[in-house]
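Descriptive analysis of the structure
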Amino acid sequence: MRKLALSDEILRTIEKPARYTGGEVNSIQKDPGEVEVRFAMCFPDVYEIGMSHLGIQILYHMLNTRPDIWCERVYSPWTDLDRVMREKQIPLFALESQEPVRNFDFLGITIQYEMCYTNILQVLDLAQIPIFASEREEDSPIVIGGGPCAYNPEPLAEFFDLFYIGEGESSYFPLIDLYKENKAAGGSRKDFLKKAASIPGIYVPSLYQPVYQEDGILSSFVPLVPEAPERIKKVIVSDLDGAYYPERPVVPYLKATQDRVVLEIMRGCIRGCRFCQAGMIYRPVRQKSVDKLLALSARMLESSGHEEISLSSLSSSDYTEIEPLINGLIEDCRKRKVNISLPSLRIDAFSLDVMSKIQDVKKSSLTFAPEGGTQRIRNVINKGLTEEEILDGAAEAFRGGWNKVKLYFMLGLPTETEEDQLGIAELAEKIAKRYYEEVPKENRKGKVQITASASFFVPKPFTPFQWATMESEEEYLRRARLVKDAFREQLNRKSLHFQYHEADVTVLEGVLARGDRRVGPAILEAYRLGCLYDAWSDFFDNEKWKEAFRRTGVDPNFYTVRERGADELFPWDFIDIGVTKRFLRKEWERAMEGVVTPNCRVSCSGCGAAVFEGGICHEN
Amino acid sequence: MKIRIRFAKTGTLQYIGHLDVMRYFQKAMRRAEVEISYSQGFSPHQIMSFASPLGIGLTSEGEYMDIEVSHCGTSEEMVGRLNEVMVEEMKVFSFRRLPDEGKTNAMATIAAADYRVSFREGEEWDRDQLLPLWGQFLEQEEILLWRKTKKTEGTGDIRPMILKAVWEEDGSFFLRLSAGSSKNLKPEAVMEAFCAFWGKEFHPFALRIHRLDLYGIKEGQLLSLEDFGEEIR
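Residues numbered from 1 in each chain as written. Chains lettered and ligands numbered in written order. Predicted model: local features only at pLDDT ≥ 70, side-chain atom pairs only at ≥ 80, totals over all residues.

Bringing the overall build of chain B into the picture now. Across its full length, chain B holds 5 helices and 12 strands. Compactness check: chain B gives a C-alpha radius of gyration of 19 Å against a globular reference of 17 Å for 233 residues, within 12% of the reference. With respect to the three principal axes, the spread of C-alpha positions in chain B is 55 × 35 × 35 Å. In chain B, which comprises 233 residues, the proportion classed as buried is 30%. Residue pairs in contact within chain B that sit at least 24 positions apart in sequence constitute 69% of those at least 6 positions apart. (Helix = DSSP H or I, 4+ residues; strand = E, 2+ residues; numbered from the N terminus. Rg over C-alpha atoms; globule rule 2.2 N^0.38 Å. Buried ≥ 20, exposed ≤ 12 C-beta atoms within 10 Å, placed from the backbone. Contact = placed C-beta atoms within 7 Å.)

Let us look at the domain arrangement of chain A. Accessible area lost upon the coming together of the parts is a frequently used measure of interface size. If you check the domain split of chain A, you get domain 1 (8-233), domain 2 (260-358 + 584-620) and domain 3 (360-501). A C-alpha centroid distance of 40 Å is found between domain 1 of chain A and domain 3 of chain A. (Domains from an automatic or database assignment.)

Turning next to the interface of chain B and chain A. Taken together, the contact between chain B and chain A spans 21 residues of the former and 25 residues of the latter. The residue makeup of the side of chain B that touches chain A, split by class, is 10 nonpolar, 5 polar and 6 charged. (Nonpolar A, V, L, I, M, F, W, Y, C, P; charged D, E, K, R; others polar.)

What follows covers the domain arrangement of chain B. Residue and element names in this part refer to chain B. As assigned here, chain B comprises domain 1 (2-107 + 226-231) and domain 2 (109-221). Here the C-alpha centroids of domain 1 and domain 2 sit 27 Å apart. Facing 15 residues of domain 1, the contacting portion of domain 2 comprises 12 residues. Counting residues per element, the ones that place at least two in the side of domain 1 that touches domain 2 are strand E3 (59-68) and helix H3 (106-109). Examining the composition of the side of domain 1 that touches domain 2, we find that 5 residues originate from one element, E3, more than from any other. Across the side of domain 1 that touches domain 2, the residue classes break down as 7 nonpolar, 6 polar and 2 charged.

Of note, A:Glu489 is situated in the loop between helix H15 (473-488) and strand E18 (496-500). In sequence terms A:Glu489 and A:Glu426 are 63 residues apart; their C-alpha atoms lie 9.8 Å from each other.

Now for the sheet that holds strand E10 (residues 261-264) of chain A. All names here are of chain A. Ordered by their spatial adjacency, 3 strands build an open sheet running E10-E13-E14, and the pairing between neighbours is parallel. Strand pairing shows two members of the sheet lacking a second neighbour, E10 and strand E14 (339-341), which therefore form its edges. Strand-to-strand twist of the sheet, defined as the mean angle between neighbouring strand axes without regard to direction, takes the value 25 degrees. Note that strand E13 (residues 308-312) and E14 share 3 bridges and pair parallel. Bridge pairing in E14 links Ser310 to Ser341. Lying on the sheet, helix H9 (residues 290-304) is in contact with E10 and E13; it crosses E10 at an angle near 160 degrees. (Pairing = 2+ DSSP bridges. Axes fitted to C-alpha atoms, helices over the stretch in contact; angles between N-to-C directions.)

To continue, consider the pairing of E13(A). Residue and element names in this part refer to chain A. Judged by which residues are buried, E13 turns out to be one-sided: Ile309 and Leu311 face inward and are buried, whereas Glu308, Ser310 and Ser312, on the alternate face, are not. Two strands pair when backbone bridges link them, and E10 and E13 are joined in this way by 4 bridges, in the parallel orientation. In the sheet register, Leu263 faces E13, and the bridge partner there is Leu311. Following the backbone out of E13, through helix H10 (residues 322-336) and into the adjacent parallel E14, one traces a crossover that is right-handed. (Right-handed = clockwise from strand over helix to strand, strands pointing away.)

Backbone hydrogen bonds are what pair the strands of a sheet, in a parallel or an antiparallel way. Residues and elements named next belong to chain A. Strands sit in the order E2-E1-E3-E4-E5-E6 across an open sheet of 6 strands; the sheet is mixed. Two strands close off the open sheet at either side, each with one partner strand: strand E2 (69-75) and strand E6 (202-203). Note that strand E1 (residues 37-43) and strand E3 (residues 106-110) share 4 bridges and pair parallel. Paired with Phe39 across the two strands is Phe106, which belongs to E3. Along the sheet, helix H3 (residues 54-64) makes contact with E1, E2 and E3, crossing E2 at roughly 155 degrees.

Residue and element names in this part refer to chain B. Turning to its location among the elements, Arg176 is positioned in strand E9 (residues 173-178). In this structure, the C-alpha to C-alpha distance between Arg176 and Asp157, residues 19 residues apart in sequence, is 16 Å. Among all residues touching Arg176, those that are not within four sequence positions of it are Ala112, Asp114, Leu163 and Lys164.

This next bit is on the nonpolar core. The nonpolar side chains of a soluble globular protein tend to be buried, and buried together. Residues and elements named next belong to chain A. In terms of nonpolar packing, the biggest core is built from 234 residues, with Ala40, Val74, Leu107, Leu162 and Ala428 touching the most fellow members. Element by element, the count of residues in this core is highest for helix H14 (residues 418-438), at 7 residues. If sequence neighbours within four positions are ignored, Ala40 has contacts with Glu72, Val74, Ala94, Val101, Phe104, Phe106, Leu107, Gly108 and Pro141. (Core = buried A, V, L, I, M, F, W, Y, C linked by C-beta atoms within 7 Å.)

A word on helix H5 (residues 187-198) of chain B. Residues and elements named next belong to chain B. For H5, built from 12 residues, the straight-helix expectation of 16 Å at 1.5 Å per residue is met to within 8% by its first-to-last C-alpha distance of 17 Å. Those residues of H5 that fall on the buried side of the exposure criterion are Pro187, Val190, Met191, Ala193 and Phe194. Seen along its axis, H5 keeps its buried residues to an arc of 160 degrees; they face one direction. Contacts from the buried residues of H5 go to strand E5 (110-119), helix H4 (127-139), strand E6 (144-148), strand E8 (162-167), E9 and strand E10 (207-218). One or two steps after H5, the chain reaches Gly199, where phi turns positive at roughly 85 degrees. (Expected span 1.5 Å × (residues − 1). Arc of directions from axis to C-beta.)

Rendered as structure tokens:
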């Protein structure tokens, strides 16, 4: 039997022990004596969530192509095991070798959302690695953070040795080679960090000093050594077809959230929605070729045995060869009896035809993300979708037999008025009305079901809305109730359903998203007070967070409701994503005027992403 | 054609639950390109049924599942193809054709199961000293135990469901117990009853339970589920 870190008694008394035993099909075992570098790759959430993440799968298999590196996986222990590990002082271990993470060379943590920050501290704490980077010893692992939240790493700066800014395929091997060289030459941890600072995309927070004005606003961000560049430029893959992609994905025993083959067709998005961070940080848009994708899909289905495949991108309808790709997949998957799931497809004649081929129309629902209730606010956020497109798309779908519609909105958007808020209910009503007009009584299968849900807008770094002010928790809830009441007044109210997200989480997310280094102590205090799994509403405890802010003297309002000046230096401005701050500011101003900016295929708006090779910027 | 597969679930896979074993096999069938039959509809699923699911924490070399295939190679070839795409701790032993007629469903035919019960290190019982007591325990006309099953809970006599019980020289127990949907006795229950008889506190985590085989009844005799099928040559 493979040796396990946890005893039989522990494994038999906790929930889902398979979260911790590893050994899945296509997971990688190596002989520790044969490798030089041990890398623990962590997703700081529970196994079923973490195993569903594509980025980790890519990096895990990519690092393991090197015979001198063994990359293993680590996830957050669930609360039941968390208690046991603390009580019995069991150090956090990696799934493959079951050996303590604290003995590894690297601990890489992907930071996908702000609400996992306390889980990061849990991972360090349970691994028995000093929480502060400054307190780590020579033999502690190098703790490195990546993923979208690394684009504003400052709230976490003191807990990480390095941050990786950009796409993982680019700089990991140079970084690991440098580590090996430094070790062979007898260099110290500090020597390595200093040298790592000159690798493209690597940010070493300990080599920089933020300086603040009296009013608390950042005045400068100073590199402390010559090796630390003033700006860190993100690194990206220029040719997606040539980039590494895993052909033998790990197949979990437990049912993961993504229990399917995930085929990444494209990176980046041409749309330029002004609230969307992914749409800016992943520029320029790059896509894989149909031939490459069909070949990959076949190999991944064969090696995993998955019964479903899903396309992954920010906006699949904008993939230029979407029709041949989907037709090719349908043909191949029919032979294999594999289901296809197609998220993020725009509703039009083609997608409806495709959906009717691959799903049961009676059971499936249509999804629209208008994000705003009126055309005015949709122009402000640069969401191209018009009311006409939504109503026509819905009408076509209703004629094809669909009768369930899901609508996604945001509340608390910049410039939002009561009219925009009420517009949410009115748009839902118009769709319902259209159903009863389009579908004759004898063809109706019950009522149309329209479910609208609203989340509250959180301004993110590197978006045109990074200058936006947020509202208070009470104001978000007031707006949501207003919309809820408006839904009750609609003629077709029995066909309509409205739900909204929690508002307290929104405010906290806002603090963490645009926070600076001074927020770090509050995160640690919240963790010490018992905050964990904040992304899970069952566990989120806002009172503890409020207490943590009080104790550490951090004023959340400074980060949320304060108005930011046009020239304010932001904590994340030292990062260069290609897209310029000047462009973002111009977009902010256009938003205030309600002017739409065309997408990258229609015309280039000169955002700055063209400094990178490859992608849409250099197609013609 | 109907196929019966015997497989083992050992080592760390004792921590994988029954539903996950099912999902594991659905994917293994695809990886091995077994021409398994599917149900109709938009999300067709494989025609596959399991005999007597094993609880978490138990290992087995006598697990069974029945599937339907449109055609397949020889038994030897199919066992090889499946094992090639499986993990080491889950291995297929046989792949046999079931007669087309008659009640052959694996779950429905189960009558008995063999187990080996051993102890975790440091938790062993002193066989030399306790053997006479074990003998007396088995000689009782009835063995009453409070049990909770899917259907009932309450005190009942488990003696008739202990078909064979031997304390082996190596210190482990061999138990042949009634199994199936009408009468089912878990090996832990026998050990618990013995502890009560002996006056010792029962520690379920001290035991290691390993299932050896499952049986059905053919012409009044117990027959290994495997032997209901025939090798495909």
